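The residues making up each chain are set out below.
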Amino acid sequence: MENFQIVQFNKIFLRTIDILLTFIFSLFLQVIGEVTLEQAYGGMRGIKGLVWEGSVLDPVEGIRFRGHTIPEIQKILPRAPGGEEPLPEALFWLLLTGEIPTEAQTKAFSAELYSKSKLPAHVEELLDSLPANLHPMAQLSIAVTALESESKFAKAYAEGVNKKEYWTYVYDDAIELLAKLPTIAATIYRNVFHDGKLGATDANLDYGANFASQLGFGDNKDFTELMRLYLSIHSDHEGGNVSAHTTHLVGSALSSPFLSLAAGLNGLAGPLHGRANQEVLEWLMEMKADLKGDISPEHIEKYLWDTLNSGRVVPGYGHAVLRKTDPRYTAQREFALKHMPDYDNFQLVSNVYKVAPKVLTEHGKTKNPWPNVDSHSGVLLQYYGLTEASFYTVLFGVSRAFGVLPQLIIDRGIGLPIERPKSFSTLKFKELVTGIAGK
C-alpha cells in the first residue's frame, strides 16, 4: 500500500475510533427509532439499522457524499485536464477518508489503478468462454467471483492474521478489484456486442478515460466526460439499497471484497434495482414507437394515463426514499442540456418530465411522483452510440464499487461484527402485538 494512502486512511480510521470511544459506546443502549409491522412486512423501509459512512440520503435534500451534494462534488473534486466532470477515483478517496484529494494525490491514485488493471489469464479465458446470450450482469458477477484467486485478505485470513490487520488486506483487495472492473466490463461489452478487442489504455490517463477507450469510445471527449460523471453519481446511495446492503452483509461474514461485491452485483442485476435503467429505456422506445414519433406533452400524458389504467407502472419514476427529483437525474439532465439539447430522445425524456409528476400525483398511488436516476442514463448512452441496453447495468456495477468498497474497508477497520437481525414468523408477530400466543 502506498504511504500517502496509509496516512489518509489512518486519519479517518483514528477519527472514527475516537468517535466510537468517546460517544457511541457510551450510548449503545439508547433508542434511535421504533419498528412497525408495516416496516417488517414492507421491505424494512426506514428502519435505522445500518452504519454507512460514505453517503446519507435525505428524502428532500437528496444524496450527500461525505456531506457534499452532487453539484458540490462537481466543483470541488479534481478533474482531468480540460475536463469539467469529477474524477471517480477522487470520489473514492473522499468516500474512504472524508477528505478531498489533491490533484497530485488523485493522479498518483489513477496511476496505481492503471498498474493493476490487467486481468489474470484464467479470468480472461473464462470471459472469452462465456456464451454471448448470457446476460452481461451474470458475466460480470462470474468474473468478479473468479478474481477470488487474487484475494490477499482470503490468504491472510487463512494464515491467521490478527483481526486488527484485516482492513489492510481488505484495502489491497478493494484497490485490486476497482482497478480490474473496467477491463472486465469492457471485455464483456466487446465480446458480446463487437469484435472482442479492447481499445488501448494509457498510464497517463484517468480511470474514466481509460474505461471509455477500452469500450471503444476513447476518441469521443464528451463520452469520456459522461463516463466520469456516470461513475461518480451512480457510486453510492446510502447503505440500505440492495447492492450496498448485500455487499456489506456478505462482507460482515468476512468474505473477501471479491465475493462480497459479486453478491452485491447479483442484487444490482434485479429489475427493481440496477436493471431498471434498461427497462426505462425499453419503455421509452416502446412509447415513442406507439406514438409514431409524436412526443408532444399532450400525447405523452394520454399514454401515461393509458399505462397506469392498464395496471402498469411508469418506469423511472418514484423512489424508496426520495420525495423530490433525484439530484442524479438533474445532473444528467444538465449534461444533456449542454451536450445534446436537440437530441430527439432527450426531448422525449424532457417531455415525460413535464407531465409525469402531474399524472402520477393525480393518479394518487405513487408516494414520489418525481424521476429517479434511471429515467435519464440510458438516453445519454444511446446518444453516443452505446445502444446495447442490456449492458447498462454493468456500467452501474462498475460505478457502485466506488461506494461499497470504501465501506468494506471501514467495516473491517472498526471491527464491525457479522450482521444478524432478528426475524419472527407471522404467528410470533401476532403474539408480540396482541399478547395472545398462537399455534
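Since the model is a prediction, treat every value here as computed from it, not as a measurement. (Residues numbered from 1 in each chain as written. Predicted model: local features only at pLDDT ≥ 70, side-chain atom pairs only at ≥ 80, totals over all residues. Heavy atoms only, no water.)

### A closer look at the nonpolar core
Right, so step 1: Counting 111 residues, the largest nonpolar core has Leu-215 and Leu-386 as its most contacted members.
Right, so step 2: A per-element tally of this core places helix 9 (residues 166–193) first, with 15 residues.
Right, so step 3: When sequence neighbours within four positions are dropped, the list of residues in contact with Leu-215 reads Ala-186, Tyr-189, Arg-190, Phe-223, Met-227, Leu-386, Phe-391 and Leu-395. (Core = buried A, V, L, I, M, F, W, Y, C linked by side-chain atoms within 4.5 Å. Buried < 20%, exposed > 50% of the residue type's maximum accessible area, 1.4 Å probe, protein only. Helix = DSSP H or I, 4+ residues; strand = E, 2+ residues; numbered from the N terminus. Contact = heavy atoms within 4.5 Å.)

### Considering the UniProt feature "active site" (unreviewed entry) in the protein
Right, so step 1: UniProt annotation of "active site" (unreviewed entry) refers to His-273, His-319 and Asp-374 when read in the numbering used here. Spanning 102 residues, the named residues form one tight spatial group whose C-alpha atoms are at most 10.4 Å apart.
Right, so step 2: Inspection of the secondary structure assignment puts His-319 in the loop between helix 15 (297–309) and helix 16 (327–339).
Right, so step 3: Position of Asp-374 relative to the elements: it lies in helix 18 (residues 374–383).
Right, so step 4: On the accessibility criterion, Asp-374 (9% relative accessible area) is buried.
Right, so step 5: With residues up to four places along the chain from it excluded, the contact list for Asp-374 reads His-273, Ala-276, Asn-277, Val-280 and Phe-396. (UniProt positions renumbered as here; feature names shortened; annotations may be inferred.)

### Observations regarding the packing of aromatic side chains
Two measures describe an aromatic ring pair: the distance that separates the ring centres and the angle between the ring planes.
Right, so step 1: Counting across every chain of the model gives 18 aromatic pairs.
Right, so step 2: Residues Phe-92 and Phe-402 carry aromatic rings whose centres are separated by 6.4 Å and whose planes lie at 80° to one another, so their mutual orientation is edge-to-face. Placement of the pair is Phe-92 in helix 4 (residues 88–97) and Phe-402 in helix 19 (residues 392–413), with a sequence separation of 310 residues.
Right, so step 3: Taking the relative accessible area as the measure of exposure, Phe-92 reaches 2% and is therefore buried.
Right, so step 4: With 6.4 Å between their ring centres and 70° between their planes, Trp-93 and Phe-109 make a pair best called edge-to-face. (Phe/Tyr/Trp six-rings, centres within 6.5 Å; stacked < 30°, edge-to-face > 60°.)

### Regarding a nonpolar patch on the surface
Right, so step 1: Judged by side-chain polarity, Leu-37, Tyr-41, Phe-424, Leu-432 and Val-433 come together as a nonpolar surface patch covering roughly 490 Å² of accessible area.
Right, so step 2: Among the elements of the structure, helix 2 (37–41) and helix 20 (426–434) are those that each provide at least two residues to the nonpolar patch.
Right, so step 3: Its place among the elements puts Tyr-41 in helix 2. (Patch = residues over 30% accessible without salt bridge, like charges linked within 9 Å, V, L, I, M, F, W, Y side chains within 5 Å. Areas by Shrake-Rupley, 256 points an atom, 1.4 Å probe, with all protein chains shown as cover. Salt bridge = Lys/Arg side-chain N within 4 Å of Asp/Glu carboxyl O.)

### Concerning the packing of helix 5 (residues 103–115) against helix 9
Right, so step 1: It is at 8 Å that the axes of helix 5 and helix 9 come closest, and there the two elements cross at 75°. The angle between helix 5 and helix 9 places the two elements in the roughly perpendicular class. Here Phe-109, Glu-112 and Leu-113 of helix 5 come into contact with helix 9, specifically with Ile-175, Leu-178 and Ala-179.
Right, so step 2: When its residues are assigned to classes, the contact of helix 5 with helix 9 shows five nonpolar, no polar and one charged. (Axes fitted to C-alpha atoms, helices over the stretch in contact; angles between N-to-C directions. Parallel < 35°, antiparallel > 145°, perpendicular 65-115°, else oblique. Nonpolar A, V, L, I, M, F, W, Y, C, P; charged D, E, K, R; others polar.)

### Describing unusual backbone geometry
Right, so step 1: You will see that Glu-238, though not glycine, has its phi angle at about 65°, which is positive.
Right, so step 2: Residue position: Glu-238 is located in the loop between helix 11 (221–233) and helix 12 (242–252).
Right, so step 3: At Lys-292, a position not held by glycine, the phi torsion is positive, near 55°.
Right, so step 4: Position of Lys-292 among the secondary structure elements: in the loop between helix 14 (276–290) and helix 15.
Right, so step 5: With relative accessibility at 75%, the residue Lys-292 sits in the exposed group.

### Section: helix 17 (residues 344–363)
Right, so step 1: The first and last C-alpha atoms of helix 17 sit 28 Å apart over 20 residues, in line with the 28 Å expected at 1.5 Å per residue.
Right, so step 2: Val-355 marks the point of greatest bend in helix 17, at about 35°, and the proline Pro-357 comes within the next four residues.
Right, so step 3: All buried positions along helix 17 are accounted for by Asn-345, Phe-346, Leu-348, Val-349, Ser-350, Asn-351, Val-352, Val-355, Ala-356, Pro-357, Val-359 and Leu-360.
Right, so step 4: Against helix 14, helix 15, helix 16 and helix 18 lie the buried residues of helix 17.
Right, so step 5: Phi for Gly-364, located one or two positions after helix 17, is positive at around 85°. (Expected span 1.5 Å × (residues − 1). Bend = angle between axes of the 7 residues up to and from the residue.)

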